[in-house]
Amino acid sequence: MVSAAALVELIGPWAEGAEPLNEQLATALARAIDLGLLPPGARLPAERELARELALSRTTIVAAYDRLRLAGLARSRQGSGTRVAARRPGLTQPYLASLESMDSDAVRMPATTTAATAATVGLLTPLVDDAIELTIGALPAGSIVAEAMADAVREDLPTLLRDSGYDPFGLPALRGQIAAYLTRLGVGTDPDQVLVTSGAQQALHLIGSQLGGPGSSIVMENPTYIGAIDAFRTTGNRLVPIPVDDDGARVEVIGLLGSSAPVRLVYVIPTFQNPTGAVMPESRRRQLARMASESGFQIVEDLTPDLTLGVDSPPPIASFDAGDRIITVGSLSKLAWGGLRVGWVRASRDVIDRLVAGKIVADHSSSLVTQAIGARVFDRLDDVAARSRKAAAERRSVLMESVATRLPEWSWTEPKGGLSLWVRLPGTDAVAFSRLAATLGVVVRPGPLASPDGGFHDHIRIAYGSEPDRLVDGVERLAAAWAAYIPATRSSRPSLAVSV
Ligand SMILES: Cc1ncc(COP(=O)(O)O)c(C=O)c1O
């Protein structure tokens, strides 16, 4: 149950308007529900207790709870108090829609839509030649990767070719490099705690299938990495969203999740969250590690976007874990080059054994050739990461400047890192807008794809891995789409107001 004191803190200032207090309180509670701060199943404080905390009459609280029930946001059962109702997927700002009128014309997008990114890729396939794809948050390889490749072929290949070419756990030299890298970040690691995977994406898929599966729930940030939504959903897990703020996942919400979703796995991207670019501060990382050991869930921390090498960023969550409750995922894709398909999982040996069983079924082994190259990239990791950081920062500035100039109505919080801009388009159906943009030669991802519950209808994700010139051209095309979209919405031409 949420205590009255915690609830009051959670909703913040709420009684500043002219409406009746019960209405204002209901609106504030509905907003907290909409943001996911009060998740489905969370039990609200008893009316008497909340009345005491707020120094209001009990009838005010009763009326506020009544409003929530009428709007379908809460339900009450004799003896079990008032609880937050199950979410109606895809309804934009249900609190406003439902409190003002039950007839919302918001676009409804079933949560299952995000399950098949492949289908959606088809949906948003550009209809013009030479389309600009602002969807992939990855950079081209630099010269260090090219040199590592040449060195590995010349010097490592002769030895590799003498062997069978399979190693499900990964090339020993690379496992050693990954263990040393994580140890340097503050997560003491033995090489046999490392499983090399075909990119971080395979690591997430293995976690979804081997540690979760049908009947399991995985808590994840909302919004989050689209590939993680796909990996966990297609392996049968139920996705439980928690909100994100400027400091990353609102971890305290995990404690409020209803018993209908016993939490076993919590997936977070603590450094340069995808897509918001937020960084979770050390205090929140410690809090999450503590919650995991107290409540018995496992954390999956995905460090793929983290290019900091531990400089000016808090240590990984696993560095605060005495009991091996944390699984750390990473990859060379952002640090060096996605084409290597070199990722990894660091976990207890038991967990590694469970994951490798799935890995053998999936592909027997990752390519030893790219692993040999990956090991050589690690020899020069500081230089290669410095280059990627610089390129990402330059492209971020170019994109933000172009969008600010050409699309001044759009808003975002400046990402602290990563390779995507999470942008709010006021009053827009981002799915319809993204479709229109694709027809005009620029592809971006609409917010609902990055949302485990299909929310964020008015957001898009713009990835900025492309060359600066392409970014500027892409924004030009987005501006053209925006100019075409607004009149289209006003005249409500059905061809553009599509939902999927
Ligand atoms: C948070 C996160 N995890 C995992 C991945 C997948 O990385 P890889 O290319 O190593 O499979 C990405 C790529 O965008 C990502 O942003």
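What counts and what doesn't
Per chain, residues are indexed from 1 in the order of the written sequence. With the structure being a predicted model, the display of local features is reserved for residues of pLDDT at least 70 and the display and counting of side-chain atom pairs for 80 or more, all residues being used for whole-chain, interface and lining totals. Excluding hydrogens and water, the side-chain values take into account all heavy atoms of the structure. Where helices and strands are cited, they refer to DSSP runs of H or I of at least four residues and of E of at least two residues respectively, numbered from the N terminus. Three exposure classes are used, based on accessible area relative to the maximum for each residue type with a 1.4 Å probe and protein chains only: buried under 20%, partly exposed in between, and exposed over 50%. Contact criterion: two residues are considered in contact whenever any of their non-hydrogen atoms come within 4.5 Å of each other. Note on ring pairs: Phe, Tyr and Trp rings are taken, using the six-membered ring of Trp, and paired if centres are within 6.5 Å. Classes follow the plane angle, with under 30 degrees stacked, over 60 edge-to-face and the rest tilted. Only when DSSP finds a minimum of two bridges between them are two strands counted as paired. Helix axes are fitted to C-alpha atoms over the stretch in contact, other axes to C-alpha atoms as well, and angles between N-to-C directions run from 0 to 180 degrees. We call two directions roughly parallel when the angle between them is under 35 degrees, roughly antiparallel when it is over 145, roughly perpendicular when it lies between 65 and 115, and oblique otherwise. Definitions for this section: a left-handed crossing has its near helix turned counterclockwise from the far helix by less than a right angle. A right-handed crossing has that turn clockwise. Residue classes follow a fixed rule: Ala, Val, Leu, Ile, Met, Phe, Trp, Tyr, Cys and Pro count as nonpolar, while Asp, Glu, Lys and Arg count as charged, and any other residue, Gly among them, counts as polar. Just to be clear on terms, a salt bridge is a Lys or Arg side-chain nitrogen sitting within 4 Å of an Asp or Glu carboxyl oxygen.

(A) Spotlight on the environment of Thr135. Tracing the sequence through the fold places Thr135 in the loop between β3 (132–133) and α7 (143–161). Residue classification places Thr135 among the buried residues on the basis of a relative accessible area of 10%. Along the sequence, Thr135 and Gly465 sit 330 residues apart, while their C-alpha atoms lie 8.5 Å from each other. Contact partners of Thr135, with chain neighbours within four places excluded, come to Val443, Val444, Arg445, Arg461 and Ala463.

(B) Region of the structure containing the packing of aromatic side chains. In the structure shown here, the tally under the stated rule is 10 aromatic pairs. Seen in terms of ring centroids, Tyr181 and Trp344 are 5.9 Å apart; in terms of plane orientation they differ by 75°. Their pairing is edge-to-face. Here Tyr181 is found in helix α8 (residues 172–184), whereas its partner Trp344 is found in strand β11 (residues 342–346), with 163 residues between them in sequence. Here Tyr181 matches Trp344 in class, with each residue buried.

(C) Focus on the sheet that holds strand β7 (residues 248–249). Here we have 8 strands laid out as an open sheet, ordered β4-β11-β10-β9-β8-β5-β6-β7, and mixed in their pairing. What marks the edges here is a single partner per strand, and that holds for β4 (194–198) and β7. Bridge count between strand β6 (residues 238–245) and β7: 2 bridges; the pairing is antiparallel. Looking across to β7, one finds that Asp245 is bridged to Gly248. Contacts from α8 reach β4, β10 (326–331) and β11, with the element oriented near 110° to β4.

(D) Molecular detail of the packing of helix α3 (residues 47–54) against helix α4 (residues 58–70). α4 packs onto α3 with a crossing angle of 120° between their chain directions and a minimal axis gap of 8 Å. Overall, the two elements α3 and α4 adopt an arrangement that is oblique. As α3 packs across α4, the resulting crossing turns out to be right-handed. The residues of α4 that touch α3, namely those facing Glu47, Arg48, Leu50, Ala51 and Leu54, are Arg58, Ile61, Val62 and Tyr65. In the contact of α3 with α4, the residues fall into 6 nonpolar, no polar and 3 charged.

(E) Quick peek at the pattern of salt bridges. Overall, the coordinates contain 22 salt bridges when judged by the stated rule. Of the charged contacts, one joins Glu476 and Arg406 as a salt bridge, the two residues approaching to 2.8 Å between their closest N and O atoms. Here Arg406 lies in helix α14 (residues 381–406) and Glu476 lies in helix α16 (residues 468–490), a separation of 70 residues in the sequence. Judged by its relative accessible area of 35%, Glu476 is partly exposed. Taking relative accessible area as the criterion, Arg406 reaches 37% and is therefore assigned partly exposed.

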